[in-house]
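If you want the building blocks of each chain, they are given just below.
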Amino acid sequence: MAQESSTTRARTRMRTLTTKPVPVPVTVIGLGPMGRALAAAFLAAGHPTTVWNRTRGKADELLAKGATWADGPLDALGASDVTVLCLIDGNAVDAVLDRALAASDGRPLPATTLVNLTSEGPGRTRELATRAEEFEVPYLDGSIMTPAAAIGTEATRILYSGPADLFDLHRATLAALGGSAIHLGVDPGRAATFDVALLNLFWTSITGLMHSFALAARHQVPATELAPHARQMAQLVADLTPGLAARIDAGQFSGEGTSSLTSVSASLEHIVHALEEADVPSAFTLAAKGVVDTVLSAGLGTDSPARLAEFLSHERVEF
Ligand SMILES: NC(=O)c1ccc[n+]([C@@H]2O[C@H](COP(=O)([O-])OP(=O)(O)OC[C@H]3O[C@@H](n4cnc5c(N)ncnc54)[C@H](OP(=O)(O)O)[C@@H]3O)[C@@H](O)[C@H]2O)c1
């Protein structure tokens, strides 16, 4: 093989250093707070950005910043190789696709890649992916794990799923949204699975935290006084997370050296009693106790809390 001269190598290196990828055109459909933040980030990164929203007024600021208005969903899809959808739910995505189809007069939809950043459950997301496949439109799904204000900054975290080659193809464009873009696998419902599992953790934790502030308040303990202790408790949950996950995946449920489920149930019992005494609704805690007690009645009281995840993943629990 002929040796590359040092001049050729240097020229190649110079090209690598000086050739910046030209930002490709992008369309954003859906201009709620999140859609507007996404479109603004694409504009800020230099992408020619086309926008469409059911209510036109929400595009005003973006148009002033240089975005282009599309006359309808079909024009919006036809304007770019990448179309980001950011709507309230899957039904709104269907409604937008229906409008594009109605306008297309039986012709195929434009060959844009749909990047659907609308939050939906895994099942509904897979249905949308199947629908896109029927129209022969490439489809990636994404779940945005950060608030609109974080878009375009290092704090952005978006989980994607769908064909890996499609993600690789558009990775540079999606980088305009900032932070981390994480591809989780080819099943289009995978990002949505992570999304609902993590939001379940988040919202039950926030509700539990508010519940605890309410209980403390009934005993004249201000939220700010409880807060540092609550923070330590939340940190304990964070610290226990990897170990519990490892036990679940390894099928190791022995309660030796940890709290047994019998002990967890007794603890929840006295918390329920304290809530009732303080006239704070106890249904939330009773629901947690109901789950634990169902597993206890299956004879698993000496197991660790890791058993709850395993049990709930295959048993139907009613209480
Ligand atoms: N906001 C955040 O911080 C945040 C964070 C993470 C994830 N997300 C996700 O991002 C998505 C968008 O959220 P968002 O906060 O921007 O606002 P949103 O209130 O969830 O969605 C508003 C958008 O949906 C459109 N829409 C609703 N029904 C429609 C229909 N039938 N046909 C066509 N368009 C319809 C609205 O159009 P009109 O303007 O015409 O009503 C608007 O563009 C959601 O799935 C949300 O869960 C948001």
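Thresholds applied
- Residues numbered from 1 in each chain as written.
- Predicted model: local features only at pLDDT ≥ 70, side-chain atom pairs only at ≥ 80, totals over all residues.
- Domains from an automatic or database assignment.
- Core = buried A, V, L, I, M, F, W, Y, C linked by C-beta atoms within 7 Å.
- Buried ≥ 20, exposed ≤ 12 C-beta atoms within 10 Å, placed from the backbone.
- Helix = DSSP H or I, 4+ residues; strand = E, 2+ residues; numbered from the N terminus.
- Contact = placed C-beta atoms within 7 Å.
- Right-handed = clockwise from strand over helix to strand, strands pointing away.
- Pairing = 2+ DSSP bridges.

Draft legend 1. Structural detail: the domain arrangement of the protein. For the protein, the assigned domains read domain 1 (7-185) and domain 2 (222-312). Distance from the C-alpha centre of domain 1 to the C-alpha centre of domain 2: 41 Å.

Draft legend 2. Structural detail: the nonpolar core. Residues Val-28, Leu-38, Ala-39, Val-51, Val-84 and Leu-85 are the most contacted members of the largest nonpolar core, which totals 51 residues. Take this core: its biggest share by element is 7 residues, from helix α2 (residues 33-44). For Val-28, the residues in contact, after removing those within four places along its chain, are Gly-35, Leu-38, Ala-39, Phe-42, Thr-49, Val-51, Val-84 and Cys-86. Grouped together as the second largest cluster of nonpolar side chains are 6 residues, Val-264, Val-292, Leu-300 and Leu-308 included.

Draft legend 3. Region of interest: the pairing of strand β1 (residues 26-29). Burial of the side chains of β1 extends over both faces: Val-26 and Val-28 are buried on one face and Thr-27 and Ile-29 on the other. Handedness of the crossover joining β1 and strand β2 (residues 49-52) through α2: right-handed. Pairing of β1 with strand β4 (residues 82-85) involves 4 bridges; the strand directions are parallel. Within β4, the residue paired with Thr-27 across the bridge is Thr-83.

Draft legend 4. The environment of Leu-101, seen in detail. With respect to the helices, strands and loops of the structure, Leu-101 is situated in helix α5 (residues 90-104). When the C-alpha atoms of Leu-101 and Lys-289 are compared, they prove to be 50 Å apart, with 188 residues separating the residues in sequence.

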